[in-house]
Amino acid sequence: MSSRFPVGFWNATNVNRLSASEAERWARCGITLTQSPLFSYETNKKEELVPFLDEAERFGIKLIIMISDLTYRSLMKIGEEEYRKIFKRAYEDFGNHPAVYGFYAGDEPIGEEASEAIIKVIQIQTEMAPHLTPFANLHPYYRLGERRLYSGKTFREWGKDFIERSGCKVLCYDCYSQMGPDPDGVDNYFYNLNLFMELAKKQGAEPWITLLSNTHFNYVVKNEEDFLWQINTAVISGYRGIMWFYFYMDRSKNCYTRCPVNEFLEETENFRNLSYMLNRFHNMSSDLFYRLRHKKTYHVVRAFGGYEIFPGDTHKFIRQVDSVHRLPAIISFFEDEKGREYVALMNNSKTEAGSFALVLNENVKKIIYVEENGQLEREFTKENNPILHTFHTNNEGTFVGDWLTPGQMMIFRFE
């Protein structure tokens, strides 16, 4: 596992097309754990990749080593014996470098042959490099494609078998429907968040998600709110790692636009938006969320993806959630190592700002607003309200909240 909240990106660019100085750009963007440039023993030399590891270490970034010879697709072609030989070589070349998090196992296995191959790859990598973490990315769930995706099994049957037999420590998948024109795309996104989180918790894996950082097909990512909403919906739902698809523009992909870095290695508007939102996330809450244990997530006003609507008067402190402008919201509960509860409240609209408040009951003795990864805690009283727009009491309870932009979040503790 990582010591910082893992934030990275998919990197399909060959190592010979980039300079190791790119690590400085990654650090400026708020990247903490990412894929190395693509490497192959057929076309590349060890000396091309090692400088990236050295520079990543200098900036405190961990790397998933992307070697095309070591994916499950390669195993299916060359067999286990040859695969082990190549992995042994790769481990000797790179595996003991302090910047290495693990090796890449592959992306989106579909069907029985691919499923068995990626399980075998993770098993081999774990056996031969037990101190490292293999990285695999899974296909998003689609209701109508379940039997095709999972070899005739249900998702829950397949997922349980996959984690138990592979020993997978990180459960990562991609989902981009939330950035498409389909009105059901957001619901599908939350259905996946809910489903994969349930599986990760049951099987003891760390839940990660691959989100979208470029425009392609009919998916569009173009402003700060698109990044903020994606980050916060994942984090407030309990996810503990974020990858972005993807970072560098591939000149051969005609329909891909707005990549954070274009084919001339120039930073685009999406780089600035992603960088701002990631660095803001790190400044405000990434370390805090990585320390906390997710307990439960509810939706407010409108429930997406099978989440429950927050039930009123069921929490020891919170009577209800007030969405003044009837915008959808998310409320989640977390716990720290001392057993203290944290409450996160988020505006779940992608386009509209609104006013939101928690309505507290008479059990609350202290209201604490949490900032800067928990290093700054402000206690609110009737005489002291330094920042929030909403703080008053009536016969319904004490209202504490604020205006939130699309995707914005507040964090509280109550005693």
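See the structure printed just above.
Scoring rules and cut-offs
Residues numbered from 1 in each chain as written. Predicted model: local features only at pLDDT ≥ 70, side-chain atom pairs only at ≥ 80, totals over all residues. Heavy atoms only, no water. Pairing = 2+ DSSP bridges. Helix = DSSP H or I, 4+ residues; strand = E, 2+ residues; numbered from the N terminus. Axes fitted to C-alpha atoms, helices over the stretch in contact; angles between N-to-C directions. Contact = heavy atoms within 4.5 Å. Phe/Tyr/Trp six-rings, centres within 6.5 Å; stacked < 30°, edge-to-face > 60°. Buried < 20%, exposed > 50% of the residue type's maximum accessible area, 1.4 Å probe, protein only. Expected span 1.5 Å × (residues − 1). Salt bridge = Lys/Arg side-chain N within 4 Å of Asp/Glu carboxyl O. Left-handed = near helix turned anticlockwise from the far one by under 90°. Nonpolar A, V, L, I, M, F, W, Y, C, P; charged D, E, K, R; others polar. Disulfide = S-S within 2.5 Å. Right-handed = clockwise from strand over helix to strand, strands pointing away.

Caption draft 1: Up close: the sheet that holds strand S5 (residues 135-138). Spatially, S1-S8-S7-S6-S5-S4-S3-S2 is the arrangement adopted by the eight strands of the open sheet, whose pairing is parallel. The sheet is open, and its two borders are formed by strand S1 (7-9) and strand S2 (33-35), each paired with just one other strand. Sheet twist, expressed as the mean angle between neighbouring strand axes with direction ignored, is 30 degrees. In this structure, S5 lies alongside strand S6 (residues 170-174), joined through two bridges in parallel fashion. In the strand pairing of S6, Leu 138 is matched with Tyr 173. Contacting strand S4 (100-107) and S5, helix H5 (residues 112-128) runs over the sheet at an angle of about 165 degrees to S4.

Caption draft 2: Fine view of the packing of aromatic side chains. Inspection of every chain in the model, using the stated rule, returns 45 aromatic pairs. Centre to centre, the rings of Trp 26 and Phe 52 are 6.5 Å apart; their planes meet at 25 degrees, and the pair counts as stacked. Of this pair, Trp 26 sits in helix H1 (residues 22-29) while Phe 52 sits in helix H2 (residues 46-58), and the two are 26 residues apart along the sequence. We classify Trp 26 as buried; its relative accessible area is 0%. You can call Phe 52 buried: its relative accessible area is 1%. Where Phe 190 meets Tyr 307, the ring centres are 6.2 Å apart and the plane angle is 85 degrees; that geometry is what we call edge-to-face.

Caption draft 3: Spotlight on helix H7 (residues 155-166). The terminal C-alpha atoms of H7 lie 16 Å apart, and with 12 residues this matches the ideal 16 Å at 1.5 Å per residue to within 8%. The elements touched by buried residues of H7 are H5, S5, helix H6 (146-149), S6 and helix H8 (185-203).

Caption draft 4: Examining the pairing of strand S8 (residues 242-245) more closely. What you see with S8 is no split at all: Ile 242 and Trp 244 on one side and Met 243 and Phe 245 on the other are buried throughout. Here S1 runs beside S8; their pairing, made up of three bridges, is parallel. Paired with Val 7 across the bridge in S8 is Ile 242. For strand S7 (residues 206-212) and S8, the ladder comprises four bridges, and the chain directions are parallel.

Caption draft 5: Up close: the pattern of salt bridges. Going through the model one piece at a time under the given rule, you end up with 28 salt bridges. The salt bridge partner of Arg 84 is Glu 127, with a shortest N-O separation of 2.9 Å. Here Glu 127 lies in helix H5 and Arg 84 lies in helix H4 (residues 80-95), a separation of 43 residues in the sequence. For Arg 84, a relative accessible area of 25% corresponds to the partly exposed category.

Caption draft 6: Representation of the packing of helix H9 (residues 224-236) against helix H10 (residues 269-284) within the structure. Where H9 meets H10, the closest approach of the two axes is 9 Å, and the angle between their N-to-C directions is 35 degrees. The two elements H9 and H10 meet at a crossing, and its hand is right-handed. Note on element contacts: H10 touches H9 through Asn 270, Asn 273, Leu 274, Tyr 276, Met 277, Leu 278 and Phe 281, opposite Glu 224, Phe 227, Leu 228, Ile 231 and Val 235. Broken down by class, the residue content of the contact of H9 with H10 amounts to nine nonpolar, two polar and one charged.

Caption draft 7: Geometry of the environment of Trp 158. Note that Trp 158 resides in helix H7. Residue classification places Trp 158 among the buried positions, given a relative accessible area of 5%. Considering only alpha carbons, one finds Trp 158 and Ser 115, 43 residues apart in sequence, at a separation of 9.1 Å. Beyond its immediate sequence surroundings of up to four residues, Trp 158 is in contact with Ser 115, Leu 138, Tyr 150 and Lys 153.

Caption draft 8: Broad picture of the environment of Asn 188. Topologically, Asn 188 is positioned in helix H8. Between the C-alpha atom of Asn 188 and that of Ser 332, which follows or precedes it by 144 residues, the distance is 19 Å. Excluding its chain neighbours within four sequence positions, the residues that come into contact with Asn 188 are Tyr 141, Tyr 142, Cys 175 and Ser 177.

Caption draft 9: Structural view of the state of the cysteines. One pass over the full model with this rule turns up zero disulfides. Looking at Cys 172, it has no disulfide partner, and the nearest cysteine sulfur is the one in Cys 168, 9.2 Å off. Cys 255 forms no disulfide, and the closest cysteine sulfur to it belongs to Cys 259, at a distance of 9.9 Å. Take Cys 255: its relative accessible area is 38%, and that puts it in the partly exposed class.

Caption draft 10: Examining the pairing of S6 more closely. Buried residues dominate S6, accounting for five of its five residues. Burial along S6 is two-sided: Val 170, Cys 172 and Asp 174 and Leu 171 and Tyr 173, pointing in opposite directions, are all buried. Here five bridges tie S6 to S7, and the two strands are oriented parallel to one another. In the strand pairing of S7, Val 170 is matched with Glu 206. Tracing the backbone out of S6, into H8 and back to the parallel element S7 gives a crossover that is right-handed.

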